[in-house]
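Survey of secondary and tertiary structure
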Amino acid sequence: MFKSILVANRGEIACRIMRTCKHMGIRTIAVYSEADRDALFVQMADDAVLIGPAEARLSYLKADAILKAARQTGAEAVHPGYGFLSENADFADACAKAKITFIGPDANAIRRMGSKIEAKKIARDAGVPVVPGYDGAEQTLAVLTAEAEKIPLPLIIKASAGGGGRGMRRVNLMSDFAEALKSAQKEALSAFGSDAVLLEKYIERPRHVEVQVLCDSHGAALHLYERDCSVQRNHQKLIEEAPAPDLDPATRQRLTDSALKLAKIINYTSAGTVEFILDRDSNEVYFLEMNTRLQVEHPVTEMITGIDLVEQQIRVAAGEALVFDQDDIQINGWAIEARVAAEDPAQNYLPQTGIISYCQEPTGDNMRCDSGVTAGSTISPWYDSMMAKVLPRGADRGQAIDNLLGAMDGYHLAGVGHNMPFLYDIVDQQAFREANIDTTFLDRVFPDGWQVPDNKAGEIAASAWRGNQATSASPWQALGPWRLTGTPASYVYVRENDEEPVEVQITSPADTSSAAMLPDGRVLVSSGSARNHVFEVLLSEQALLDRQSTTAHSDEPGIRAPMPGLISEIRSGLGDTVNAGDTIVVLEAMKLMQNLAAPISGTISAIHCKAGETVNGNDLLIEISNEE
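Residues numbered from 1 in each chain as written. Predicted model: local features only at pLDDT ≥ 70, side-chain atom pairs only at ≥ 80, totals over all residues. Heavy atoms only, no water.

A word on the overall build of the protein chain. Scanning the protein chain from N- to C-terminus turns up 18 helices and 36 strands. Looking at the protein chain as a whole, 55% of its 628 residues are labelled buried. At a minimum sequence separation of 6, the contacts of the protein chain that also span at least 24 residues come to 64%. Looking at the protein chain as shown, the accessible area adds up to about 26300 Å², and 47% of this sits on carbon and sulfur atoms. (Helix = DSSP H or I, 4+ residues; strand = E, 2+ residues; numbered from the N terminus. Buried < 20%, exposed > 50% of the residue type's maximum accessible area, 1.4 Å probe, protein only. Contact = heavy atoms within 4.5 Å. Areas by Shrake-Rupley, 256 points an atom, 1.4 Å probe, with all protein chains shown as cover.)

So this is what it looks like as C-alpha cells:
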C-alpha cells in the first residue's frame, strides 16, 4: 500500500480524498494555487506545495508542476479527483514515466472513452445501443449539414472531447444549424482543444441515468447499481440520487449489463461511470458517454452500498484485488445529493464571491456533508462555484427527501450568496416527490425561471433583532431598538452577504419563531420558503456610515467586468455599430460563460481587452459612443 499520495485537485474533492487517505493511514500532499493558500484542503494535508498563480491553466492544469511537487515530497501516487487533469491521458502517461502511480484507469482507456466519437463506436461494437446520429471523422460544414438533414429534428450538437454542457447546442430548425455548429465548435476548441463534434437525435424527455462500475487488474468487473442525475440546468447536474426512482428490474438489468460490457471491452480498471439516456416516452436506453474518473455524485452510491469508492480506487491502483463480488453489493436505503454552489439562481445563476463569515453544516444520523469550505474561506472567481454537497440517506426515497429538506434547514452559510433556497424549492416540488423527473424538470416546474420567494424574511430578522436583549460588541447594536434621538427605530436596515442595505419598516411584532440570533449578532431566518437567510441589522445612522462608494459609472457608456475572469470572446470590433442588449464580450468566471451586453446603442470607440486575457473585477473592457 502507498505511504503517501499527492491530491492533484482542490476544494471539496481534495478534502474528501484526504479523509479516506487519513483513515487508511496514508500521508497526504496538497498542491495549491496562490488563490488557495489558506484553503481548507491545504490545512487538512500533511504537506502542501505552491504550484502557481490563481489561473487553473497556470497551476492545477500544469502537469509538470504537479509532478515536480510529487517528486520533491516523495509522493508515491497521485489522485486527480474529478475535473482538471483527471481524464487527461497525457498526464496519466507522464505519471507512469515518472514512476508515480496514477490513481485511475490507464491512459489507453482514458483516450478511448475521452472521445465521444470513439466511445460511441466502441459501444456500438459491444452491442450497446447508442442515440441515432452522426459520429464520423469527416467534420466539414458540408458533410455535417448533410448528416444533420438525415436526423429528425430537433437534434443536438455535442463536442466530441467535452462534457458539462460545453460545446453543446440544440437545433430546432435546419436554418439555424450552421450558426449553432460554428458556435459549438468555437466553444469546444476553447474548452477542450478540439472542435470535433458529433450529431445526435434530441430526446425530448430524457432521464439521465448512470451506472457506477468498479474493476481491478485481476479480471473483476462489478457494478454498484445506478444513479439518477436528471435534475439539471444547462446540462449541469443539481440533484442526484441512488438508486434511480421508478426503474423496473428489466431496465436496471439492461443498464448494468451494458455498463459492464463497455468496461470489459476496454479492459477497464479503477472506478468509472457509464452514462445513459433513458427515453421516458419509449423506455429505450441509449449509451451517452463514459467518465473515466470519480464522479461528483459518487457519495450517493457509497451511502447505499457501504463501499468507499476512493479507498477502492487506491487499493486497485496499488495492485490489490477486490475482496467482494457482485452478490455482495446490495442496495440499502436511498440517498440524495444536492450541490451547494456560490451562485444566485434569481439573477441568472450569477457567480457569487466573497468570504464565508459563518458556516454551520447539517449534522445527524444518516447525514453526510462533503464540503471544501468553512468560516473564513474565500470564494474566488477562479474556479467552479460548488462549495459543498449535502447528502442525506433514508430508509426509502420519501424519507431521504424529508431528510434533505431538514438538512437544508440545518445548513447555515453567511457572507457569500448561495443556491440553497433554490435547491430546497426543487426538492419540495410535488413533481419531484412523484419522481416525475427528466432533464426538462426545471423548465416544467419553473416555466418563468426561479424567483426569490415572496417573503418578509428581512422584517422577521429586524423584529428578532429588536427583541433581542443580548448586548453586542458593536456600539451601534448596543443601542438596541433606539435611535440616537431617543425615539423608537421603526425603520432599520437589513443587509445580506455584504450587499447594499435595504430599509425595512417594523410596523408590528412579527413571528420570530423562525429566526435565531447568531454569535456575531446577525440573525438567521428560515421562514416558509425563505431558506438560510442571514441578515445584519443596521440602524439608519450605521447604514449611512457603512455605505460603500459606488463602483458603477452611470455616466460612462461602456462595459466593465462584473468580476475577475478570462476574456473568452470579443464579438465586435472597433468602430462597429451595436444595439443595446447585444452581447459584446464573453467573460469566463467560475467555469461559467457570462455574456456582457452593450448598455446603450452606439459605436464601439475603444476596446481595452483581448481574447485570452485575464481581467480584474470592474476593469473597463469596452467603451461605446452614442454621439450622433
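Turning our eyes to something else, we now look at the sheet that holds strand β13 (residues 270-279). The strand order β14-β13-β10-β11-β12-β15-β22-β20 describes an open sheet built from eight strands, whose pairing is antiparallel. A single partner strand is all that each edge strand has here, and the edge strands are β14 (285-291) and β20 (367-371). Between one strand axis and the next, the sheet turns through 25 degrees on average, direction left out of account. Pairing of β13 with β14 involves six bridges; the strand directions are antiparallel. Counterpart to threonine 273 in the pairing with β14 is asparagine 291. (Pairing = 2+ DSSP bridges. Axes fitted to C-alpha atoms, helices over the stretch in contact; angles between N-to-C directions.)

Right, let's talk about the pattern of salt bridges for a bit. For the structure on display, the rule yields 38 salt bridges. One salt bridge connects aspartate 370 with arginine 19, and the closest N-O pair in it is separated by 3.8 Å. Taken as a pair, aspartate 370 in strand β20 and arginine 19 in helix α1 (residues 11-23) lie far apart in primary sequence, 351 residues in all. Using a relative accessible area of 3% as the deciding quantity, one classes aspartate 370 as buried. Salt-bridge contacts for arginine 339 lead to glutamate 297; the nearest nitrogen and oxygen are separated by 2.9 Å. Of this pair, arginine 339 sits in strand β15 (residues 334-341) while glutamate 297 sits in the loop between β14 and α10 (298-305), and the two are 42 residues apart along the sequence. Sharing partners across several salt bridges, the network here consists of Glu210, Arg227, Lys237, Glu240, Glu275, Glu297, Glu337 and Arg339. (Salt bridge = Lys/Arg side-chain N within 4 Å of Asp/Glu carboxyl O.)

Attention shifts here to helix α11 (residues 309-317). Within α11, seven of the nine residues are buried, which leaves it mostly tucked inside the rest of the structure. Taken as a whole, α11 has its buried residues at Leu309, Val310, Glu311, Gln312, Gln313, Ile314 and Val316. Its side-chain oxygen placed 3.0 Å from the backbone nitrogen of valine 310, aspartate 308 serves as the N-cap of α11. Phi turns positive one or two residues past the end of α11, at glycine 319, with a value near 95 degrees. (Polar contact = N/O pair within 3.5 Å; in protein donor to acceptor, adjacent residues only side chain to side chain.)

For the rest of this paragraph, the subject is the side chain of serine 371. Relative to the assigned elements, serine 371 resides in strand β20. We classify serine 371 as buried; its relative accessible area is 4%.

A word on the packing of helix α7 (residues 141-148) against helix α8 (residues 177-192). Between α7 and α8, the least distance of the axes is 11 Å, while the angle of their chain directions is 120 degrees. Considered as vectors, α7 and α8 are oriented oblique to each other. Every pair of crossing elements has a handedness; the one defined by α7 and α8 is right-handed. Here Leu141, Leu144, Thr145 and Ala148 of α7 come into contact with α8, specifically with Phe177, Ala178, Leu181 and Gln185. (Parallel < 35°, antiparallel > 145°, perpendicular 65-115°, else oblique. Left-handed = near helix turned anticlockwise from the far one by under 90°.)

Another aspect to go through is the environment of leucine 262. Within the secondary structure, leucine 262 is located in helix α9 (residues 249-265). Along the primary structure leucine 262 and alanine 119 are separated by 143 residues, whereas in three dimensions their C-alpha atoms are 9.2 Å apart. In contact with leucine 262, not counting residues within four places along its chain, are Ile122, Ala123, Val128, Val274 and Phe287.

This part takes up the sheet that holds strand β6 (residues 133-134). As summarised here, the arrangement of the four strands in space is β6-β9-β7-β8, forming an open sheet in which the pairing is antiparallel. Each edge of the open sheet is held by one strand with a lone partner, namely β6 and β8 (169-171). Where β6 lies against strand β9 (residues 197-201), two bridges are found, and the strand directions are antiparallel. Across the sheet, residue tyrosine 134 finds its bridge partner in β9, namely leucine 199. Packed on one face of the sheet, helix α6 (residues 116-125) meets β7 (155-159) and β9 and runs near 50 degrees to β9. Strands in contact with α8 are β7, β8 and β9; relative to β7, the strand with the most contacts, it is inclined by about 25 degrees.

Moving on, we get to α9. With 17 residues, α9 extends 24 Å between its outermost C-alpha atoms, agreeing within 8% with the 24 Å of an ideal straight helix rising 1.5 Å per residue. Within α9, the full set of buried residues consists of Thr251, Leu255, Thr256, Ser258, Ala259, Leu260, Leu262 and Ala263. Looking at the buried residues of α9, the elements they touch are α6, β10 (206-215), β11 (221-233), β13 and β14. Looking one or two places after α9, you find asparagine 267, whose phi comes out positive at around 55 degrees. (Expected span 1.5 Å × (residues − 1).)

Now for the packing of aromatic side chains. Using the criterion set out here, one finds eight aromatic pairs in the structure. Pairing tyrosine 60 with tyrosine 383 gives two aromatic rings, centres 5.6 Å apart and planes at 80 degrees, and the pair type is edge-to-face. Of this pair, tyrosine 60 sits in the loop between β3 (47-52) and α3 (63-73) while tyrosine 383 sits in the loop between β21 (378-379) and β22 (386-394), and the two are 323 residues apart along the sequence. Judged by relative accessible area, tyrosine 60 falls into the buried class, the value being 0%. Here the basic side chain of arginine 170 rests over the ring of tyrosine 202, its NZ or CZ set 4.3 Å away from the ring centre. (Phe/Tyr/Trp six-rings, centres within 6.5 Å; stacked < 30°, edge-to-face > 60°. Lys NZ or Arg CZ within 6 Å of the ring centre and 35° of its normal.)

Moving on to the nonpolar core. Counting residues in each nonpolar core, the largest one holds 63 residues, and the members touching the most others are Ile5, Leu6, Phe41, Ile51, Phe91 and Ile314. Here this core gets six residues from one element, more than from any other, and that element is α1. Aside from chain neighbours lying at most four places away, what touches isoleucine 5 is Cys21, Ile26, Arg27, Thr28, Ile29, Ala77, His79, Ile103 and Ile314. With 42 residues, the next largest nonpolar core counts Ile239, Leu413, Met420 and Ile426 among its residues. (Core = buried A, V, L, I, M, F, W, Y, C linked by side-chain atoms within 4.5 Å.)

The next thing to look at is the pairing of β14. Most of β14 sits inside the fold, with seven of its seven residues counted as buried. Taken together, β13 and the strand that follows it, β14, pair antiparallel across an intervening segment of five residues, in which asparagine 283 is found at a positive phi of about 65 degrees.

In this section: unusual backbone geometry. Omega for the peptide link from leucine 153 to proline 154 comes to 0 degrees, which places this bond in the cis form. Along the chain, proline 154 turns up in the loop between α7 and β7. Although it is not a glycine, serine 270 sits at a positive phi angle of roughly 90 degrees. Position of serine 270 among the secondary structure elements: in strand β13. What makes serine 270 buried here is its relative accessible area of 2%. Unusually for a residue other than glycine, asparagine 366 sits at a positive phi of about 55 degrees. You can see asparagine 366 is positioned in the loop between β19 (358-360) and β20. Residue asparagine 366 is classed as partly exposed on the basis of its relative accessible area of 39%.

The residue arginine 16 is located in helix α1 in this model. The exposure class assigned to arginine 16 is buried, which follows from its relative accessible area of 4%. Excluding residues that lie within four positions of it along the chain, arginine 16 makes contacts with His298, Glu302, Asp308, Val310, Arg368 and Asp370.

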